[in-house]
Amino acid sequence: QVRVASPRVSSAMRVPARAMSYGLLRCFFRDVVLRLFFRQVDIVGAPRVPVSGPVIFVANHNNQFVDPMMLIVLVCRTVRFLIAEKSLGRPVIGNLARLMRAIGVQRSQDLAYKGFGLVSVEEGGTSVVGTSTSFEKDLEPGAKLKVGDTELVVKSIEGDFRCTVMPSPVAVSDAAYKVLPRVDQSSMYDQVHGALNKGDCIGIFPEGGSHDQASLIELKPGVAIMALGAMLAGAKGVKIAPCGLNYFDPYRFRSRVIVEFGEPFEVPEALAEQYKTDKRGAVQELMTMVDDAMKGMMPGAKDWEELQVFLTMRALYKPRGKKLSAEETLRLNKMFALSRRRLTEDESMKGLMSEVNEYVELLRAAGLTDRDVRMSLIRDTGAVWRTVMAALQLLLLLPLTIPTIIVGSPITILTLKLAKREKETALANSAVKVKGLDVVASYKIIVGMVAAPTYNFILACVLAWLLHCGALALLAIYFLGLPLVEYVGILACDHSVRCWRRLRVILLFWGCAPTAGIMQQFFVERRNRLEAKVRDCVRMLSPQMSQDIENQQVAQTRQISSHLDQLHFEGMIPAASSIEGDIGKPLLQKETPPEPDWGCVVQ
C-alpha cells in the first residue's frame, strides 16, 4: 500500500495567497458592494494615512459591518479588524472575516445567561444580596451582574446569597439579572501584539459595538492596552490613526458618506515605560489622547434631533448657490457641535436652536425639506431652463427607471423585510441602540450578496429560454448583460430622483394651488430670518471654541477613570492633547491637499 504525501504549502507561499485574497475581496467591496449601495463616498485627509509602520485605526461604529468594509476599501494597506467571535460563526460574514484575517474577540455580553433568583442592592452600595441565588457556582471576581441596563462588576463572592461589587449607580430591589462571565482575552492580545510587531495595521472600534446614536458612546480602554502592550512586546513607533465615518441616512440605498482621516499620533515611549509600573495611569492618559482625536472626527450632537438642527444650521449658513466640499461640510458640522454647550446654555443661542428645530418640524409636517425652500428662491432664467431640462430628462429616463424598479422589486422587498426583522432582534439585545438602524445597511448588503446573484441567475435562465440561447449565451447574459443593464438602471434612477426634486419644488411652490404662494412666502420669510440669525451666531461662536474643547476633555477623563476601575477588577490592569480642528481657518475656504495616488476611491 503506497501512501501519497499531501503537498504542504510553505509559509512563504501562504503570504502572497493571503495578500491576493485580501486584494480580491477589497476590489469586490469597492467596485460592487459600496459602489452599488452608496451613491457617493467622499474622502477627507487621505494623505494623513500612514504608509508604513504599525498603525491602529480607530473609528466610530454607526454602521455595523459596513464600517470595516469602508476602511478596508479606503486604506491601501492590509487592515486586520477585531470582530466578535459570535460574528465569526455567522454565514457569509464569518467567511469573509476569516479571508480578511480578522481577529476574533470573545465578548462577555455574547456569553451572558440568566442568573438564578433575584438580587437587591442600595444606590451607591457595594453589597448585593441574593434571594434563591447561587453566587458561588455562577460568579467569579471580574464577572458582571447585569440588572436592566446597569452592569455591576463583581469584586468578591461571600456566599451563595451575597457578593461585593463596584458601587451601584442605582437602587435595585428583588430584580432578575443576567451573568456576564469573565473572559480571558490573552490570546487576542497576543495576536494583536504580534501583528503590530510585524508592522501591520489593526482596525478597532473603541466603542465596543455598533450603535445608532448621534455621538460617540463611552470608549473602551482596549485600544490603549493593545498599543502599550505591543510596544512592550517590541513594536516600535506604534501610531494611532483616528477616522470619522459620517453617514447621511446610513441605512438607505444610494446614500452618501464622508470618511475623514485625522492626524495620526505616535504613542509616546514615556507612556510605554510608565505602563510597566503604572498601567492604570498610562492607559488613562493614552485613552484621553484617543478620545480627543476621535471627537475631532465626529459632529458630537446629543441625539439625532439635535444633529438635524446642526445640519439645518449649516445649510442656513451656507451662501446661496455655493456647493460645499466635503472638508467644508465637516468643518461647519464640527463648529456647531463643538459649541453645543453655549448653544444649549446661552438663552439667545438656546432660542435660536429652538427656532431652527421648530422650522425643521414645520418642514417635516408639510412634507418639505430645507433644500426645497432654498431651491424655490432661485427664479432666474437659468432656473427655468434647468427645470424644463429636468422635466425632459425625467420623461426620457422613464423607459429605464420603471423597468428597473419593477424588476428589482422582489430583491427590494426581501431585503427590507429581513433587515426589519434583524433590526428588531438587534434592538431587543442591545442597551445602547436607539432604533437599531445601525444593522439595517449591513443586513441589506448581506441579503443582497446572496439573493441578487440567485435572482439574476433565474432571470438569465428565463431570458435564455425565451431567446432559445445556448449555455454560452446564458453565461454572457448572467455575467455581462444583466449586471450592466441593472447598473445603468440604478444610475438612471439616481438622476431621475434629482430631476424630480427640482420639479417637486415647482409643483409645491409655483403651482396653481391657491395655497402654493402662501406656503412659499411663509417658509421663505422664516428661512431668511433664520439665515440672518445663524450667520450672527457663527460670528459669535469662534471665541468660545477653545473653552468648549477643554470642558469636553475634563468630562471624558472622568468617564475613562470610571471604566478603568472596572477593568481593575476584571484583571486587565492593577490598582494603583487637545483636538486639532480647523477652527482658526476661514469656514468656507477649501483646502487643496496634494492629490494622492490611492487607486481605491469610491465615487
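A brief structural summary. (Residues numbered from 1 in each chain as written. Predicted model: local features only at pLDDT ≥ 70, side-chain atom pairs only at ≥ 80, totals over all residues. Heavy atoms only, no water.)

Along the protein chain, the regular secondary structure elements total 19 helices and 16 strands. Counting the 603 residues in the protein chain, one finds 47% classified as buried. Accessible surface for the protein chain amounts to roughly 30,100 Å². Of this, 58% is attributable to carbon and sulfur atoms. (Helix = DSSP H or I, 4+ residues; strand = E, 2+ residues; numbered from the N terminus. Buried < 20%, exposed > 50% of the residue type's maximum accessible area, 1.4 Å probe, protein only. Areas by Shrake-Rupley, 256 points an atom, 1.4 Å probe, with all protein chains shown as cover.)

Let us now look at the pattern of salt bridges. One pass over the full model with this rule turns up 21 salt bridges. In this structure, the salt-bridge partner of Arg 107 is Asp 110, at a minimum N-O distance of 2.9 Å. One connected set of salt bridges, linked through shared partners, spans Asp 370, Arg 374, Arg 527, Glu 531 and Arg 535. (Salt bridge = Lys/Arg side-chain N within 4 Å of Asp/Glu carboxyl O.)

A word on a positive patch on the surface. On the surface, Arg 39, Lys 323, Arg 371, Arg 498 and Arg 501 cluster together into a positively charged patch. Mapped onto the elements, Lys 323 comes out in the loop between helix H10 (304-317) and helix H11 (326-338). Under the relative-accessibility criterion, Lys 323 is labelled exposed at 74%. (Patch = residues over 30% accessible without salt bridge, like charges linked within 9 Å, V, L, I, M, F, W, Y side chains within 5 Å. Lys, Arg positive; Asp, Glu negative; His and termini not counted. Charge placed at Lys NZ, Arg CZ, Asp CG, Glu CD.)

The subject of this paragraph is the nonpolar core. In terms of nonpolar packing, the biggest core is built from 39 residues, with Ile 56, Leu 82, Ile 240 and Leu 286 touching the most fellow members. Going through the elements one at a time, strand E2 (55-59), strand E4 (103-105), helix H6 (186-197), strand E13 (201-204), helix H7 (222-232), helix H8 (269-277) and helix H9 (279-295) are the ones with two or more residues in this core. Setting aside residues up to four positions removed in sequence, Ile 240 forms contacts with Ile 56, Val 58, Ala 227, Pro 264, Phe 265, Val 267, Leu 286 and Val 290. Grouped together as the second largest cluster of nonpolar side chains are 35 residues, Leu 34, Val 73, Ala 241 and Ile 445 included. (Core = buried A, V, L, I, M, F, W, Y, C linked by side-chain atoms within 4.5 Å. Contact = heavy atoms within 4.5 Å.)

The next point concerns the packing of H10 against helix H13 (residues 347-365). Here H10 crosses H13 at 95°, and the two axes come no closer than 9 Å. Taken together, H10 and H13 sit at an angle that is classed as roughly perpendicular. Packed against H10, whose contacting residues are Glu 306, Val 309, Phe 310, Thr 312, Met 313 and Leu 316, the element H13 presents Leu 352, Met 353, Val 356, Asn 357, Tyr 359 and Val 360 at the interface. Taken together, the residues that form the contact of H10 with H13 break down as 9 nonpolar, 2 polar and 1 charged. (Axes fitted to C-alpha atoms, helices over the stretch in contact; angles between N-to-C directions. Parallel < 35°, antiparallel > 145°, perpendicular 65-115°, else oblique. Nonpolar A, V, L, I, M, F, W, Y, C, P; charged D, E, K, R; others polar.)

Once that is clear, we can look at the sheet that holds strand E10 (residues 162-165). In any sheet, the strands associate via hydrogen bonds between backbone groups, in a parallel or an antiparallel arrangement. Taken together, the 8 strands give an open sheet; going across it, the order is E5-E12-E8-E9-E10-E7-E6-E11, and neighbouring strands pair in antiparallel fashion. Of all strands in the sheet, those bounded by a partner on one side alone are strand E5 (113-114) and strand E11 (172-175). When strand E6 (residues 118-121) meets strand E7 (residues 127-131), the two strands line up antiparallel, connected through 3 bridges. Considered in E7, the bridge of Ser 120 is made with Val 129. (Pairing = 2+ DSSP bridges.)

Right, let's talk about the pairing of E10 for a bit. Bridge count for E7 against E10 is 3 bridges, and the pairing is antiparallel. Residue pairing across strands places Val 128 opposite Cys 163, the latter belonging to E10. Where strand E9 (residues 150-157) lies against E10, 3 bridges are found, and the strand directions are antiparallel. Within E10, the position partnered with Ile 157 by the bridge is Cys 163. Here E9 folds back onto E10 in antiparallel fashion, the turn holding 4 residues, of which Gly 159 has a positive phi close to 140°.

You can see Asp 67 is positioned in helix H2 (residues 66-74). Of the side chains with opposite charge, Lys 433 lies nearest to the buried Asp 67, which makes no salt bridge, at 9.6 Å. A polar side-chain atom of Asp 67 sits 2.7 Å from a polar atom in the side chain of His 61. Within the local environment of Asp 67, its side chain forms a polar contact with the backbone nitrogen of Asn 63, the two atoms lying 2.9 Å apart. (Polar contact = N/O pair within 3.5 Å; in protein donor to acceptor, adjacent residues only side chain to side chain.)

The alternating pattern of E13 places Cys 201 and Gly 203 on one face and Ile 202 and Ile 204 on the opposite face, and all of these are buried. In terms of strand pairing, E2 meets E13 through 4 bridges, oriented parallel. Bridged to Val 58 within E13 is Ile 204.

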